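Below are the chains, spelled out letter by letter.
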Amino acid sequence: MIAEPSVVCPVLIGRSGPLSAAQGTIERARESNGGVLLVSGEAGIGKSRLTRATMEQARERGFVVLQGACFEADRAQPYAPLLDMVRSVASTASPAVAQHYFSTAGDALVTLFPELRTVFPAASAREARDPEEDRRRLFHDLTSAILALAAVQPLLVVVEDVHWSDEATLDFLLHLSRRIANEPLAVLLTFRSDEVSPRLARLLADLDRGRVASEVSLRRLTEEEVATMLQAIFGSVPAPGPTFLTALFERTEGNPFFLEEMLKALLVSGDLVRGSTGWRAGPLDRVKIPRTATEAVARRLAGLSEAASAVASVAAVAGRRFDFALMQAITGHDEARLLALLKELLAAQLVTEESADAFAFRHALTREAILARLLTRERTALHSAIARILEQQLAAGAQDVEDALAYHTFEAGLWERARMHATRSAAHALSLSAPREALQHFDRAIVATERLGEPPNPALLLARGGAHETLGAFEQAHDDFAAALDASRASGSRRDEWGSLLALGMLWAARDYEKAGELRREALAVARELDEPTLIARSLNRVGNWYVNREEPLAALPYHDEALAAFERAEDQRGVAETVDLVAMTHHIAGDQATAGRHYERSVELFSALDERRGLSNALSVLAVCGPSHHASSAEVHESVLHAGILDEERPVRITVDIGWRAGEAFARAMLADCLAWRGEYARSVAFAREALAIAEELQHREWQCAARRALGIVALDLFAHEEALRQLETAHAIARRLRSATWTRWTGASLATGLARTGYSARALQLLGEVEALVPMRGGSPDDRATDDGSPGATLGVRALGLARGVALAAAERWDEALACVQHFDPRNEGRIPCALLVRAQALAGLGRVEEAHVALGAAQRGARAQGARALEWRIAAAEGRMLLARRRRADARRAFDKARAMSERLVAAFPEPELLEQFASGLAREAPPSPPRTRAQAAKAAFGGLTRRERDTAALIANGLSNRAIAKALGIGERTVEGYVAAALSKLGFTSRAQIAVWASERGLVPRPAPPARHSPPRGRR
């Protein structure tokens, strides 16, 4: 067979802008200003062609290129593109070079891909511990290896078709991209713009927020560019005329790949031939230009020999990429014959050679066109043949075929083997923290079980439910856990029943605390019947934590104490760490922040020793809120070196991002947002809270939605954005009610009541507080038996918050006696009391006319706020002082207090980026701390001259002219004693000690008129 002329365009057409952008990314990376280039567009638009051109330019500039690709069939195989990169280095250079490049990540890579032992003989697979921790170490090791390589030689990392990527790879790419800003490293990702998955969309959004990526979107070619492309393809031989060009352009719509496929189909059919004077197309009324690229590929397949067509069919079923050994085993051809047939496919430009052993279809559409020609029975038979060969390879020690076997045995309907391979592949994916990839395998395993006619497998259902839960899919997770519970009870498996109940209890904690409690108590009962200490201890902790979230810490502690003792007897360090962390939370909710902080610091040490990042992030997040807060006194808070750095370093958030724990990230961001709001760092607080809300809504995690909206509402209230504040706080409270969480119902109810009171709805605020107290009866419950129900420092945080909110609402309603009674347990003589409560006390005392006591309370509040760094409260206290002074007609002192409040508050919003909110803040600030009235001309002149009055300025001018007090008195028509008073006042205001200093000052300020120059006289004229 004579190969047809190549119709692949040898040059890039119409891509000067995107190519320039790619060059810019490369050049910036050479200067250690790394970044990500996103290349998007529809299928066939030329993404791969632009990528190859970029890679060539990078190599010319001394870059090392690491290339990987994603294929549709590989979506269930975690980190497939990473394996591509290592393999490409090992095949194009040598195993020794690959080992050198990736030596620091050898253990991680062998753990991921056991077949790489030949490349890294000294590496050893790591024992699986915690999936999130394993993934974090993997990300760290791979990133370190890549950055080390970039430090030696500039590096370009290319991953094509990430719309088909597994989620684990996308998570790694985000991790890597966040660390290349100051490195000689560029990352290039290509994807189809019309096939963006939710996870890819999140990656693109994260890259955009981090400002580390730029995107070039490839457009279709114009008709003029298509003409240029035809000229480049046909070279010096003239292309067909303009009528053919127009018809071709209309059919392909300027898509380069489609255009090449159409030309190839026309060549094969004989409708496009080369004559003596140039290329000619047959009469267009008889030429059948294919309507789609699939039709064009099908026409070319018709021109293949029967044997080559059969090889193409086998290859298409095998996948976008296929290897020579597999093809030889399935087809039965000897090496020479198979090579000849593959050459036929290469000549037809259907496949490309990737290496001596690997081939791939030139385009995904090529493979799709071939598959479309096969009958279902044909595909099933080929899947079965491929599975048989792969199982032989697995038996011979192959390490990288399990995922492929799961796919092919399932497609072949080999249900027993499909379940086995899918279950193994799912477990492997979970060990790599790739839950979405695991889901595909779990689905196959469960369907295979159904096809075998067997009852549901509780373990499989629990595992799949766990993957759904990790991804935030509540309904799917609940269905799986509930089905696992039914299956375990039907089969009599008590341990699976316990696991199902505990899983359901954990799941419902984000939706309904009461239901979660029922399930957790039931799980504890099953664990006690099984009499397994570890299961009992885990259940005890879950029940104890449920009591904590009901704000009953006294009831929680015995459960945690029993669990801790069990874990210590079993020498289960992870269990000990988790229990200490829960004990810390118990003290935190109870309002004992100092004790909570000490326990959290211990849990931080334990989790760090275990390298358990989830627990570490959680402990650090809550440790942050064990410090200064709305409801704590200076004496109660926990502060240490570790605590002090959490907000500045944002460590808990960075940990969750590193390990890809989305729910944990939402929690960490919400906790830090609350702390930052108290410190008056509004811009950071809002950014953290908004990101927390976005993640929580994506995961449908009600609890963290509640926390994030509460933080946003508190900041909006501080900025006088009352409408927005009430919207956020009302939504947060509604979510808390649906959660049936006592803790969140109290916290959000207190915040909403405070917002209502501040915006003039004090009656509604008091009504709301009554509703909350009726809905969630006061239980108190601090661990050291100081429990009270009146909102005092011995009460739980939620009870205390409600007490403070009631005091604010009563003060706003000017019910001064009741407001004072509400906060009477806060002693104004004790500077360690809660600043918020002291402010309410001061306002109530002032309203009752007990002015001196009010000022004492206000001073204590100011000192407490300053000690806690509560800048958001400090200016409000100064404004309240100004209003009290103004009521006593001490206008000058009031003005100084208002000016102080305005200066402090304006510093807080100096960096806030939203003009509309700033306008609302300015308006509210003017009401709380009115600005100074405009100065009169006399006041302005006085201010300009050191505060001296007009008479004092006149006196200073005459002193500068050398006059004595008596002479000044005579000149101004006043008494000499009065002049002495003016001189003394000028010395005091200007800080001088002598009349000479006044004279110099008056001269410098221009108060002394310059003497007129002497008159000029003409000399006398002489006589003539």
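Residues numbered from 1 in each chain as written. Predicted model: local features only at pLDDT ≥ 70, side-chain atom pairs only at ≥ 80, totals over all residues. Heavy atoms only, no water.

A look at the overall build of the chain
For step 1, the next point in the chain: Within the chain, the regular secondary structure consists of 49 helices and ten strands.
For step 2, the next point in the chain: Across the 1024 residues that make up the chain, the buried fraction comes to 55%.
For step 3, the next point in the chain: Contacts spanning at least 24 positions in sequence make up 67% of the contacts within the chain whose residues lie at least 6 apart. (Helix = DSSP H or I, 4+ residues; strand = E, 2+ residues; numbered from the N terminus. Buried < 20%, exposed > 50% of the residue type's maximum accessible area, 1.4 Å probe, protein only. Contact = heavy atoms within 4.5 Å.)

Quick word on the sheet that holds strand 4 (residues 185-192)
For step 1, the next point in the chain: Spatially, the five strands line up as an open sheet ordered 2-3-4-1-5, and their pairing is parallel. In this open sheet, the two strands that pair with only one neighbour each are strand 2 (64-69) and strand 5 (213-217). Strand-to-strand twist in this sheet, taken as the mean axis angle between neighbours without regard to direction, amounts to 15 degrees.
For step 2, the next point in the chain: Note: strand 2 against strand 3 (residues 155-160), six bridges, orientation parallel. Bridge assignment links V65 to a residue of strand 3, and that residue is L156.
For step 3, the next point in the chain: Packed on one face of the sheet, helix 2 (residues 47-60) meets strand 1 (35-41), strand 2, strand 3, strand 4 and strand 5 and runs near 165 degrees to strand 3. (Pairing = 2+ DSSP bridges. Axes fitted to C-alpha atoms, helices over the stretch in contact; angles between N-to-C directions.)

Observations concerning the sheet that holds strand 8 (residues 321-323)
For step 1, the next point in the chain: Taken in spatial order, the three strands make up an open sheet running 8-10-9, and their pairing is antiparallel. Either end of the sheet is taken by a strand with one partner, and the two such strands are strand 8 and strand 9 (351-353). In this sheet, neighbouring strand axes are inclined to one another by 30 degrees on average, regardless of whether the strands run parallel or antiparallel.
For step 2, the next point in the chain: Where strand 9 lies against strand 10 (residues 358-361), three bridges are found, and the strand directions are antiparallel. Residue pairing across strands places E353 opposite F359, the latter belonging to strand 10.
For step 3, the next point in the chain: Docked against the sheet, helix 14 (residues 324-331) engages strand 8 and strand 10, running at close to 70 degrees with respect to strand 8.
For step 4, the next point in the chain: Lying over the sheet, helix 15 (residues 335-347) contacts strand 8, strand 9 and strand 10, oriented at roughly 115 degrees with respect to strand 9.

Structural notes on the state of the cysteines
Covalent bonding between the sulfur atoms of two cysteines defines a disulfide.
For step 1, the next point in the chain: Under the defined criterion, the tally for this structure stands at zero disulfides.
For step 2, the next point in the chain: Considering cysteine sulfurs only, C626 is the nearest to C675, which forms no disulfide, with 9.0 Å between them. (Disulfide = S-S within 2.5 Å.)

Side note on the environment of T955
For step 1, the next point in the chain: With respect to the helices and strands, T955 occurs in helix 46 (residues 950-960).
For step 2, the next point in the chain: When its relative accessible area of 1% is taken as the criterion, T955 is described as buried.
For step 3, the next point in the chain: As for T955 and I998, which are separated by 43 residues in sequence, their C-alpha atoms are 9.6 Å apart.
For step 4, the next point in the chain: Excluding anything up to four places from it in sequence, T955 contacts I968, L972, V979, Y982 and V983.

Overview of the confidence of the model for the chain
For step 1, the next point in the chain: Model confidence for the chain is summarised by a mean pLDDT of 83, while 86% of its residues fall at 70 or above.
For step 2, the next point in the chain: A low-confidence stretch, residues 779-793 stays under pLDDT 50, and its non-local contacts, those more than four residues away or across chains, total 52 contacts. (pLDDT = per-residue confidence, 0-100.)

Topic: the nonpolar core
For step 1, the next point in the chain: Ranked by internal contacts, the top residues of the largest apolar core, which has 170 residues, are L155, V162, L185, W744 and W875.
For step 2, the next point in the chain: With eleven residues, the top contributor of residues to this core is helix 32 (residues 662-678). (Core = buried A, V, L, I, M, F, W, Y, C linked by side-chain atoms within 4.5 Å.)

Overview of the pattern of salt bridges
For step 1, the next point in the chain: As enumerated under the stated definition, the model contains 47 salt bridges in all.
For step 2, the next point in the chain: Counted as one network, the salt bridges with shared partners bring together R489, R494, E497, E522 and E529. (Salt bridge = Lys/Arg side-chain N within 4 Å of Asp/Glu carboxyl O.)

A few points about the packing of aromatic side chains
For step 1, the next point in the chain: One pass over the full model with this rule turns up 13 aromatic pairs.
For step 2, the next point in the chain: Judged by centre distance (5.4 Å) and plane angle (75 degrees), the ring pair of F410 and W415 falls under edge-to-face.
For step 3, the next point in the chain: Taking 5.8 Å as the distance between ring centres and 40 degrees as the angle between the ring planes, the aromatic pair formed by F720 and F921 counts as tilted. Taken together, the residues F720 in the loop between helix 34 (702-718) and helix 35 (722-739) and F921 in helix 44 (residues 915-928) connect sequence positions 201 residues apart.
For step 4, the next point in the chain: Overall, the relative accessible area of 4% leaves F921 in the buried class. (Phe/Tyr/Trp six-rings, centres within 6.5 Å; stacked < 30°, edge-to-face > 60°.)

Looking at the packing of helix 40 (residues 835-847) against helix 42 (residues 871-887)
For step 1, the next point in the chain: Put simply, helix 40 and helix 42 touch, their axes get as near as 11 Å, and they point 10 degrees apart. In terms of orientation, helix 40 and helix 42 fall into the roughly parallel class. Contacts between helix 40 and helix 42 involve P835, C836, L839, A842, Q843 and A846 on the former and, on the latter, L873, I877, A880, R883 and M884.
For step 2, the next point in the chain: Residues that form the contact of helix 40 with helix 42 fall into these classes: nine nonpolar, one polar and one charged. (Parallel < 35°, antiparallel > 145°, perpendicular 65-115°, else oblique. Nonpolar A, V, L, I, M, F, W, Y, C, P; charged D, E, K, R; others polar.)

Some remarks on helix 1 (residues 16-30)
Each full turn of the α-helix corresponds to 3.6 residues, which orients residues three or four apart in the same direction.
For step 1, the next point in the chain: A rise of 1.5 Å per residue sets the reference length of helix 1, with its 15 residues, at 21 Å; its end C-alpha atoms lie 21 Å apart and thus fit the reference within 8%.
For step 2, the next point in the chain: Residues of helix 1 that are buried include every one of P18, L19, A22, G24, T25, I26 and A29, and no others.
For step 3, the next point in the chain: Here the buried face of helix 1 lies against strand 1, helix 2, strand 3, strand 4 and strand 5.
For step 4, the next point in the chain: Trailing helix 1 by a residue or two, S32 shows a phi angle of about 60 degrees, which is positive. (Expected span 1.5 Å × (residues − 1).)

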